[in-house]
Amino acid sequence: MEPGSAAPDEVRYELCIGQPGRFAKRSDATLRLTDDGIDYALEGRSGLRPFAGLRAVRIQLFSPAPHLSALIQLDFIKGWPLVVHSSTLDGQISEERSRRFVAFVADLHRRLTPQDRARIVFRRGFSPARHLVIAVAAMVIAVPTFGLLLMALIGQVPIGTAVWPGIPGGLLAAGFLKLAFWSRPGSYEPERLPDGLRPPR
């Protein structure tokens with residue numbers, strides 16, 4: 001997906017933000033993007049985080065559009081990282097919120113100067129270690145589940161014995177495999193955002 005043409009001087013986005021960590025507190029906030037950086041308020045702290053202090057960007061995609069579930073983590077030289085979520089405060093997936101999130105991500109990348117893009121590390125997906133855990137879990141579930149279904153097809157076990165545990169096991173394995181695919185680690189070019197994000201219409 002191409003981020004597109006130049007953005008206005010200032011645009012505001014209402015999104016859910018927080019800090020790294022599964023159980024970190026989240027807050028709905030107004031994010032203000034300018035050509036200098038990003039301004040927001042969280043837990044009583046506010047102020048401009050300049051792009052000049054941005055050292056890394058990571059986009060994590062859990063599920064692609066149209067049912068988008070994703071986040072972007074901005075790591076700065078000083079201070080806590082900023083995590084912006086595509087979901088609502090209570091974790092619900094909203095098409096309107098997803099479109100707003102994609103617009104924010106594209107706008108942020110548009111505003112980075114060539115010097116910023118040369119300095120910043122752009123990553124996608126989970127860390128390799130975390131992704132390996134998910135991939136192994138998917139295989140641990142998938143191998144016995146599909147093995148049981150295969151045995152039923154060739155008559156080694158009764159079909160009823162294989163179907164009832166096989167269906168939920170297969171669905172669970174498919175969910176893990178889907179997550180493993182979309183969260184695969186790697187890097188991306190700031191001129192082309194990771195697959196799975198869709199520009200707002």
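Worth saying up front: this structure is predicted, and the values here are computed from it rather than measured.

Draft legend 1. Here's a closer look at the nonpolar core. Counting 34 residues, the largest nonpolar core has Phe101 and Phe104 as its most contacted members. If you list the elements that add at least two residues to this core, you get β1 (10-18), β2 (26-34), β3 (37-42), β5 (54-63), β6 (69-76), β7 (82-85) and α1 (95-111). At 7 residues, α1 tops the list of elements feeding residues into this core.

Draft legend 2. Quick peek at the pairing of β7. Because side chains alternate across β7, one face comprises the buried residues Leu82 and Val84, and the other comprises Val83 and His85, equally buried. Relative to β7, β1 runs antiparallel, the two being bridged by 3 bridges. Bridging across to β7, isoleucine 17 finds its partner in valine 84. One ladder, built from 4 bridges, connects β6 with β7; its direction is antiparallel. By the bridge assignment for β7, glutamine 73 is matched with valine 83. Linkage of β6 to β7, two consecutive antiparallel strands, is achieved through a turn of 5 residues, within which glycine 79 is found at a positive phi near 90 degrees.

So, how was this worked out
- Residues numbered from 1 in each chain as written.
- Predicted model: local features only at pLDDT ≥ 70, side-chain atom pairs only at ≥ 80, totals over all residues.
- Heavy atoms only, no water.
- Core = buried A, V, L, I, M, F, W, Y, C linked by side-chain atoms within 4.5 Å.
- Buried < 20%, exposed > 50% of the residue type's maximum accessible area, 1.4 Å probe, protein only.
- Helix = DSSP H or I, 4+ residues; strand = E, 2+ residues; numbered from the N terminus.
- Pairing = 2+ DSSP bridges.

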